[in-house]
Amino acid sequence: MKASKKILIVEDELIVAEDLADTLRNLGYSVVDIVASGEKAIEIASKKRPDLVLMDIMLPGKIDGVEAAGEIRRKFDIPVVYLTAYADQKTVERATATEPFGYLIKPFEEKELHTTIEIALRRHQVEQNIKLRLEIVEKMKKQAEEERDRHSHYVCMASHEFRHPLTTIFISTEILKQYGDQLTEEKKIKHFDSIQSAVRSMNQMLEDVLTIGRADSGKIEFNPIPLDLVYFCSELVESLRQGAESHHTIEFIAEGDFSDAVMDNHLLHHILTNLISNAIKYSPEGGKVRLLLTREGEQAIFRVQDQGIGIPETEQAQLFQVFHRATNVGNIPGTGLGLAIVKRSVDLHGGEITVESKVGIGSTFTVKLPLHN
Ligand code: ATP
Ligand code: MG
């Protein structure tokens with residue numbers, strides 16, 4: 001294992017240096033170079049990245065061994081062992097300040113050299129390990145902080161979004177309480193209906209926020225099962241047809257063989273329901289919505305097309321973020337959670353989602369999912 005350790009010798013006396021190189025080779029190290037100045041030492045350390053530098057302190061040139069060692073340690077994190085014939089107090093102090101990995105006074109024994117190098121290499125290895133662990137801890141801490149920030153951000157936005165339905169409930173109950181006996185039956189039912197729909201929307205919002213929270217903390221699993229894709233889609237479309245109050249035409253077209261499909265039915269349900277519901281919601285009464293299922297190699301392509309209000313080009317990229325809604329929604333209700341859930345479901349599936357849309361013309365959301373993993 002020693003054989004692979006590369007050492008750079010910085011020594012201005014060539015004979016001493018050659019002698020040292022021989023000793024090192026005998027000990028099983030490889031000598032990457034012999035240089036005679038601090039400047040050259042830094043240059044070669046940068047180019048050849050040795051595992052250790054043996055550095056003479058007294059060197060010709062602008063910078064001495066102590067300065068060169070400091071720079072090599074700082075810039076490249078390479079351990080340095082000093083070699084010196086004599087050491088006055090001041091030099092020793094300066095050398096100590098660069099945190100050397102060893103200090104050898106010339107002349108030294110081969111055994112002493114060997115031990116010093118091995119200890120230096122080992123100590124450096126230990127330091128690297130500690131550094132790596134600290135980095136991992138630091139990274140985990142940052143991730144935890146980010147997650148906490150994101151959660152409080154969601155909670156903050158969700159509570160803001162809750163105000164609207166809460167206000168509706170408050171006003172309607174207030175009217176029913178104060179003027180209940182003066183209202184026509186029809187008016188009363190209208191207020192009860194809006195209370196119910198506000199409760200439903202708050203419930204849906206809660207569900208959605210919880211789903212996103214679970215997805216973000218890795219608690220939603222990807223559970224693929226063999227799936228009859230065409231049957232799955234037609235059932236889903238049929239149930240949405242029955243739910244659509246506004247008489248949209250929902251068309252489903254499948255082209256290709258999907259008999260080998262292995263997918264997570266829950267995630268796929270989230271994806272298609274949200275996309276088709278959006279297509280319905282953002283299209284005029286009686287509009288046409290189409291789900292197109294095709295195959296490209298080992299991928300299933302789902303296209304949800306509508307002829308609705310469209311999405312302004314500059315806003316398209318942000319729609320997959322939580323609570324993001326385009327500016328042209330008018331008073332179409334929504335909280336901006338659906339696509340965030342879709343995006344997470346697509347990611348869990350190892351797929352991708354894109355959108356093409358023109359304001360006033362319509363939108364097409366394309367989801368590509370691997371047919372099997
Ligand atoms: P919900 O949480 O109830 O789904 P939402 O529909 O507003 O609310 P998303 O489904 O995330 O939220 O969609 C985000 C935004 O993207 C919408 O508010 C709308 O501006 C835009 N959008 C999504 N789908 C369409 C579409 N088919 N046509 C036009 N705009 C769309
Ligand atoms: Mg939606």
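Everything numeric here is computed off the predicted structure, so don't read it as measured data. (Residues numbered from 1 in each chain as written. Chains lettered and ligands numbered in written order. Predicted model: local features only at pLDDT ≥ 70, side-chain atom pairs only at ≥ 80, totals over all residues. Heavy atoms only, no water.)

## Section: the sheet that holds strand β9 (residues 288–296)
- Across the sheet, which stays open at both edges, the five strands sit in the order β7-β9-β10-β12-β11 with mixed pairing between neighbours. On the outer flanks of this sheet lie β7 (249–254) and β11 (352–358), each paired with one strand and no other. The sheet shows a mean angle of 15 degrees between the axes of neighbouring strands, direction not considered.
- Of the pairings in the sheet, the one linking β11 to strand β12 (residues 362–370) comprises seven bridges and is antiparallel in character. Of the residues in β12, the one forming a bridge with T354 is T366.
- Most of the contacts of helix α9 (residues 338–348) go to β11, to which it runs at about 140 degrees, and overall it touches β11 and β12. (Pairing = 2+ DSSP bridges. Helix = DSSP H or I, 4+ residues; strand = E, 2+ residues; numbered from the N terminus. Axes fitted to C-alpha atoms, helices over the stretch in contact; angles between N-to-C directions. Contact = heavy atoms within 4.5 Å.)

## With respect to helix α7 (residues 229–243)
- When the terminal C-alpha atoms of α7 are compared, their 21 Å separation across 15 residues agrees well with the 21 Å that a helix rising 1.5 Å per residue should span.
- Burial in α7 covers these residues: L229, F232, C233, L236, V237 and L240. Buried residues of α7, seen end-on, are gathered within an arc of 125 degrees and therefore sit on one face of the element. More than 90 degrees from the buried face of α7, the exposed residues found are Y231 and Q242.
- Where the residues of α7 are buried, they touch β7, β8 (262–263), α8 (265–281), β9 and β10 (299–306). (Expected span 1.5 Å × (residues − 1). Buried < 20%, exposed > 50% of the residue type's maximum accessible area, 1.4 Å probe, protein only. Arc of directions from axis to C-beta.)

## Focus on the domain arrangement of the chain
- For the chain, the domain assignment lists domain 1 (2–108), domain 2 (115–216) and domain 3 (225–370).
- Listed per partner, the contact involves 11 residues of domain 2 and eight residues of domain 3.
- Approximately 890 Å² of surface area, both sides summed, lies buried where domain 2 meets domain 3, with 80% of it carried by carbon and sulfur atoms.
- Sorting the residues of domain 2 by area buried against domain 3 places E161, D208 and I212 first, and these three jointly supply 42% of that buried surface.
- At the junction of domain 2 with domain 3, the criterion picks out one salt bridge.
- Put simply, D216 and R344 hold a salt bridge, and the shortest N to O gap is 2.7 Å.
- Linking domain 2 to domain 3 there are one residue pair in polar contact (both at pLDDT 80 or more).
- Those elements that provide at least two residues to the side of domain 2 that touches domain 3 are α5 (110–179) and α6 (185–216).
- Per element, the largest residue contribution to the side of domain 2 that touches domain 3 is seven residues, and it comes from α6. (Domains from an automatic or database assignment. Buried area = accessible area lost by both parts, 1.4 Å probe. Salt bridge = Lys/Arg side-chain N within 4 Å of Asp/Glu carboxyl O. Polar contact = N/O pair within 3.5 Å; in protein donor to acceptor, adjacent residues only side chain to side chain.)

## Quick word on the site of ligand 1
- Taken together, the neighbourhood of ligand 1 is formed by 21 residues, with N278, D306, R325, L337 and L339 sitting nearest.
- Y282 places a polar side-chain atom, nitrogen or oxygen, 2.8 Å from an oxygen atom of ligand 1.
- Within the backbone of G336, an N or O atom sits 2.9 Å from an oxygen atom of ligand 1.
- With three residues, α8 is the single largest residue contributor to the shell around ligand 1.
- Of the residues assigned to the shell around ligand 1, the class counts are 10 nonpolar, eight polar and three charged. (Near = heavy atom within 4 Å. Nonpolar A, V, L, I, M, F, W, Y, C, P; charged D, E, K, R; others polar.)

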